[in-house]
Number of protein chains: 2
Amino acid sequence: MASKMTPHPLEPLSIEECHRARDIVLGAHKQSILDFRSISLEEPPKAQLQPFLDLEHAGKLTPATPRPHRLARVNYDVIGRDKIAKYYETLIDVINGALVSNEVVEKPAHAALTLSEFETLTKAVAASSVFKEEVTKLNIPEGFEVVVEPWPYGGPDGEEEYCRYFQALCFANDTRVGNPDSNFYAYPLPIIPIMDARTKEIVRIDHLATGGEEDGLNYGTRSENFMNQYRSAEYVPELLPQGLRKDMKPINVVQPDGPSFKITNESLVEWQKWRFRVGFNFREGATLHNITYDGRSVMYRLSVSEMTVPYADPRAPFQRKQAFDFGDGGAGICANNLELGCDCLGHIKYFDAVNVANDGTATVSPNVVCLHEQDNGIGWKHSNWRTGRAVVTRYRELVVQFIITLANYEYIFAYKFDQSGGIMVEARATGIVSVVSIDAGKQSPYGNVVSPGVLAQNHQHIFAVRIDPAIDGANNTVLTEESHPVPTSAERNPRGNLFEVVQNPVKKSQWLDAAPQHNRVIKIINPSKINPVSGHPVGYKFTPIPSQVLLAQPDSIQARRAQFAKHHVWISKYKDGELFAGGRYTLQSQDEIGGVSDAVKRRDDVLNTDVVVWSCFGLTHNPRVEDWPVMPVDIFQLHLKPVDFFTENPSIDVPSSRNLSSTLVKKDGCCSKESSRL
Amino acid sequence: MASKMTPHPLEPLSIEECHRARDIVLGAHKQSILDFRSISLEEPPKAQLQPFLDLEHAGKLTPATPRPHRLARVNYDVIGRDKIAKYYETLIDVINGALVSNEVVEKPAHAALTLSEFETLTKAVAASSVFKEEVTKLNIPEGFEVVVEPWPYGGPDGEEEYCRYFQALCFANDTRVGNPDSNFYAYPLPIIPIMDARTKEIVRIDHLATGGEEDGLNYGTRSENFMNQYRSAEYVPELLPQGLRKDMKPINVVQPDGPSFKITNESLVEWQKWRFRVGFNFREGATLHNITYDGRSVMYRLSVSEMTVPYADPRAPFQRKQAFDFGDGGAGICANNLELGCDCLGHIKYFDAVNVANDGTATVSPNVVCLHEQDNGIGWKHSNWRTGRAVVTRYRELVVQFIITLANYEYIFAYKFDQSGGIMVEARATGIVSVVSIDAGKQSPYGNVVSPGVLAQNHQHIFAVRIDPAIDGANNTVLTEESHPVPTSAERNPRGNLFEVVQNPVKKSQWLDAAPQHNRVIKIINPSKINPVSGHPVGYKFTPIPSQVLLAQPDSIQARRAQFAKHHVWISKYKDGELFAGGRYTLQSQDEIGGVSDAVKRRDDVLNTDVVVWSCFGLTHNPRVEDWPVMPVDIFQLHLKPVDFFTENPSIDVPSSRNLSSTLVKKDGCCSKESSRL
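The residue count restarts for each chain, going from 1 along the sequence in the order it is written. Lettering of chains starts at A and numbering of ligands starts at 1, both following the order in which they are written. Confidence filtering applies because this is a predicted model: local features only for residues at pLDDT of at least 70, side-chain atom pairs given and counted only at 80 or more, and all residues used for totals across whole chains, interfaces and linings. Only heavy atoms go into the side-chain values, all of them from the structure, while hydrogens and water stay out.

- Chain A has the name Amine oxidase in an unreviewed UniProt entry, where Mollisia scopiformis is given as its organism.
- UniProt positions are given in the numbering used here, feature names are shortened, and annotations may be inferred rather than shown by experiment. The Subunit (unreviewed entry) field of the UniProt record for chain A holds the comment "Homodimer."
- For the record of chain A, the UniProt heading Sequence similarities (unreviewed entry) holds the text "Belongs to the copper/topaquinone oxidase family."

1. Details of the relation of the copies chain A and chain B
One copy of the chain maps onto the second through a rotation around an axis plus a translation along that axis.
(1) Moving on: Under the fitted operation, chain A is carried onto chain B by 0.0 Å of movement along the axis and a turn of 180 degrees, and the coordinates agree to an RMSD of 0.0 Å. Such values leave the two copies arranged in the relation of a two-fold axis. Closest to the rotation axis within chain A is the C-alpha of A:Val253, separated from it by 2.4 Å.
(2) Moving on: Residue by residue, 100% of the interface of chain A is reproduced at the interface of chain B, so both copies engage with the same surface. For the least-squares superposition of copies, only C-alpha atoms count, and only for residues with pLDDT at least 70 in both. Contact criterion: two residues are considered in contact whenever any of their non-hydrogen atoms come within 4.5 Å of each other.

2. A look at the packing of aromatic side chains
Residues and elements named next belong to chain A.
(1) Moving on: Working definition: rings of Phe, Tyr and Trp (its six-membered ring) pair if their centres are within 6.5 Å, and the pair is stacked with planes under 30 degrees apart, edge-to-face with planes over 60 apart, and tilted otherwise. What the rule picks out here adds up to 58 aromatic pairs over all chains.
(2) Moving on: Ring geometry for Tyr293 versus Phe646: centroids 4.9 Å apart, planes at 75 degrees, classification edge-to-face. With Tyr293 in strand E14 (residues 285-293) and Phe646 in the loop between strand E33 (631-643) and strand E34 (663-665), this residue pair connects regions lying 353 residues apart in the sequence.
(3) Moving on: Ring centres of Phe463 and Phe636 lie 5.7 Å apart, and the angle between their planes is 45 degrees; on these two criteria the pair is classed as tilted. Residue Phe463 is found in strand E25 (residues 459-469), and its partner Phe636 is found in strand E33; the two are separated by 173 residues along the sequence.
(4) Moving on: Using a 1.4 Å probe on the protein chains alone, a residue whose accessible area is under 20% of its type maximum counts as buried, one over 50% counts as exposed, and one in between counts as partly exposed. With a relative accessible area of 1%, Phe463 lands in the buried category.
(5) Moving on: With relative accessibility at 9%, the residue Phe636 sits in the buried group.
(6) Moving on: Feature note: the residues Phe326, Phe402, Tyr409, Tyr411, Phe413, Phe463, Phe617 and Phe636 constitute an aromatic cluster, connected by ring pairs.
(7) Moving on: Counted as over-ring charges are cases with an Arg CZ or a Lys NZ within 6 Å of the ring centre that also lie within 35 degrees of the ring normal. The side chain of Lys46 reaches across the aromatic face of Tyr574, ending 3.9 Å from its centre. Secondary structure elements follow DSSP: runs of H or I no shorter than four residues count as helices, runs of E no shorter than two count as strands, and numbering proceeds from the N terminus.

3. Description of the pairing of strand E20 (residues 423-431) of chain B
Residues and elements named next belong to chain B.
(1) Moving on: For E20, the tally of buried residues reaches nine of nine residues, placing the bulk of the element in the interior.
(2) Moving on: Neither face of E20 is open: one carries Ile423, Val425, Ala427, Ala429 and Gly431, the other Met424, Glu426, Arg428 and Thr430, and all of them are buried.
(3) Moving on: Note on pairing: DSSP must find at least two bridges between two strands before they are called paired. Relative to E20, strand E19 (residues 409-418) runs antiparallel, the two being bridged by nine bridges. Bridge pairing links Tyr411 to Ala429 in E20.
(4) Moving on: Hairpin connection from E19 to E20: four residues lie between these consecutive antiparallel strands, with Gly421 at a positive phi of about 85 degrees.

4. Some details on the UniProt feature "domain: Copper amine oxidase catalytic" (unreviewed entry) in chain A
(1) Moving on: Listed under "domain: Copper amine oxidase catalytic" (unreviewed entry) in the UniProt record, and renumbered for this structure, are residues 251-652 of chain A.
(2) Moving on: End C-alpha to end C-alpha, residues 251-652 of chain A measures 29 Å, and it is 2% helix and 50% strand.

5. Section: unusual backbone geometry
(1) Moving on: Put simply, B:Ala316 and B:Pro317 share a cis peptide bond, and its omega is 5 degrees.
(2) Moving on: Along the chain, B:Pro317 turns up in the loop between strand E14 (296-310) and strand E15 (322-324).
(3) Moving on: The omega angle of the peptide bond from B:Trp628 to B:Pro629 is 0 degrees, so this bond is cis rather than trans.
(4) Moving on: In this fold, B:Pro629 is placed in the loop between strand E31 (609-621) and strand E32 (631-643).
(5) Moving on: Positioned with a positive phi, A:Gln588 is a non-glycine residue whose angle comes to about 60 degrees.
(6) Moving on: Take A:Gln588: it is sitting in the loop between strand E31 (569-573) and helix H6 (596-601).
(7) Moving on: The class for A:Gln588 is buried, based on a relative accessible area of 3%.
(8) Moving on: One non-glycine residue, B:Ala407, adopts positive backbone phi at about 55 degrees.
(9) Moving on: Mapping B:Ala407 onto the fold places it in the loop between strand E18 (390-406) and E19.
(10) Moving on: Given a relative accessible area of 18%, B:Ala407 falls into the buried group.

Spelled out as structure tokens, the structure:
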């Protein structure tokens, strides 16, 4: 069935392919009402895809080459006559139109939420008389309207576990400002309505403690007129009381000859000997596939796999503030539509995504990923002290970026390639910190008061990056390398200056932690391929980021459902579909099911085989006043670097020519393009 | 004596001032031969300078305002009739022409080296018949010339301690290449001649072990024709066998309205509410002084204080490869003269330095510091999920940069200011790794073979940044803040999600280590100034970089002379002139004398007083083949951030306007300035 027009096996589904899959599913459930959650490419099994990629790289693809099956994963609810929804995950072959498999997913798993469920919640709250009563009790001044912000329910306690609930954080919006973008987070309301997704009714309203240090876990003594304690905290330019600063002059990035990258119509990116494919799905956002350098395989797949944000306020129901921003609803779904000249500078290439509505209608979500080059200072430099001759090159990066908004918060994810063979995965946390009400004048051990009456609660952000390496081929070995002091001895270390470099291969799937005190480095090598210069196996390495791991108690629901966040590095044996550090079903989970902690429990042999490495890192975020009202980016970088992969610095041939557009600021303030050495 | 023309007390000495100081010193030693080492500004005592700065900020400076003494520190040798040099450090008041103090510095201290001593070494080696004999034995093929690279002697063993020695690493330069910039490091020679600086004679030639793993500490079995094992490793563009890559298109940084910073003629920099002075001296390079934000004091002084690079090869005499790149000879002396369009992009302001020759003649060394702005991606972003409105700002930085070359290696140091109140100190390590000869085909546990016959030895780089804070005034307190799990209990942590934030003030001067497992943060607060929003003291914080500390054994000379490198953070009470983490005299030191480890030994009270914080971090560098022939930058960043110093995010008023010069890469490869959202 394959034709010349068949997309590459890694190309996300087109609108047409989504519709074909939808129609087949609809045809299979003619008697029922269907509520579509997602339709996305099911990546081919590696055993099918790898031979195809090998042929592709060998230039041997022909129209007759067998192609991997092109499958759509269709996630949807089938609403029965009893109005009870059954959740299906169905695989459809979009080439031959066949239904390949059909699974009803049941307890304890919950389907990931959809934005339409959030809309349902908003409507349910608006329609709830109980909620109206509670709001009335709050004595909210005229001119404020209540804003209901949908959140996943977090990890439920006890019997609730199989109900499908949503919670709504509530704020008030000052309509007197006359601007729909007035910052409502400055006015938190101390109630959380809970909706049962099955009945679409508000089943309960949780009341929030608003006390301070002196009130412990209790409710404090909220004033009748607590709304008066608040003050506005605007961030949109036209509402800033001080106006915008006027002394910042533009920096323009100009590429007169265009970008150095090349894109084909199938998301294939080529840049400075790098070659990879950009994928995108509703859950992970941008994923990278089949990364090669100068024709040599480096990685099969690279992705941000999961992220959890547990809050540390012990007062119920705040323990349920724990998002899994990839598994709960999908980072791809929440990806921003990026704007030229705002989210990056220079020559920008955008990639679109295809999203699916409730009724299965697929539409394009434009500009969800951007690609551009940037300058990151000096790349390498050496001056010959004998001749005075300096050679200096720039550090050029290619950036694949996507940005997600999750209610109050945003994350900026970037994969950055450099000319020295390095790949960096970067996360920037920004947006508005999650806040709750605190009685006027009080302080809390559970957070920081960032605006009068507004408590920003302590929390953590823990990311999991999934690295599926293929260092000159699929069979790789992971080892730790550490540097250790050596006791003084005449035989080995007579003057005390020796340290030894100790390597230990990882034999069975397991977790590891960062050990910066030992300079612990994770090396992924191909034991069958020896660097001709050093005599050591070719490899890539990274230093695990030694950030604090999950702090929640091991027996807490927060910790049980986020096992991946308890260690810095996980090493598992490759298994098709095993992509999600926190498990496939994180929404309202009580335990991590099928996550990376389960993967390593198999105790697979991982020496010289198809291995997957997971790097977990993040931030314990005890907010500062400076994080309000929108926090400056906090930046996390995981840097993968070649180690004896090449036979010299691969950026040695980067031109060192002087940039002729740079100008000299002279003493009198004018500028000149003359040489600064005159 | 002060006139309107008197420079600011923090302005480096002018040529005229240097010459005035020189002449006074010459006048005081009319009967002797003088050999000048350095003439530099002796910064005023804080008790004199601070009141002056206070008046300056209050706009109350008048011609009658008393000024701090303007002193030159003149370091020089007085050569007696016995040809024995006595080393003097003399303070001269350059305004009134007075000799203020006069000190003869004696054992165990050595004066810092000068480049002229390196020249003497080069000449002494060239004149040495013993050296010639040794070279003859090396059987070097025709067409190669010997290159002698001067190094400090490191930490001497035993009786040598009071002799002043220099060592020369030797390489061969392939003159047949016909290019003076052919990379001689590809041809290491296994001898190190040693010069006695007093007699200027070669006193010894050390023979270097060239064995591999199997040879332990012994000499191995170097081949007669060992030079044949080497191969060229060029990095200057015209010598690259593969030529330069041709697919990298220019990225120009254009600032059509000029830079956003303002410079007055006295090195006063003003940018985005920041205001500071750029100092420069022969030892530390660029230093920053009197850093304020919006008129509020943040720091009195910020500097890179010291750096040590110990090598871990246990075979004598490699234990003496240990540079103190600031104390031994001066980072400022080794600062590169920067070039427009090479070392940074955009609008560049350069600062010059004044260097002094042997005879005391001062000359300008142009462009030793550069100042420019750069874009570092997104600064903050938030999208309102109700309206879809996104506000996104750029992360603009102001960079003060200097670059030093120390024989084979270079370091790029930058102070980066941002609009969110942050200050970053960045170090990039690049240049050529230090290599020695290894027998063909062998491997070594002491390093990595990066080119045939060339062993790059394992080593560490440990930097010390000196932070002299003045958070809203001189009296500050340092505290550690950590986040700790809390056991589950009904009273305090019923659901296990609580973590507690624990602060401990530092009461006495002491060291501390990084503790990323506890999210240890160092906060510098002003206990007398409370943030009106949070109710907590105003402050700045940094996370100590948890890099590996010095690995040399505690009783080794490498460790004894680099105590600062054994811990991540040191907290001392301010003392005038106490600027150098490794002590004032590091050259050939056997112990750290007057370094930060001595400063903390005073056990001063450091609560709510004038405190200094030292941050030490670095890299255990076990070289990769990719580090050859010039290594891609390794980047280290120490980020100081405000914590409850401001009453909101200080960058909230940064304009979010779209950059109109960005262009869209369309599918057909063309570019367009149209909105990407069309």
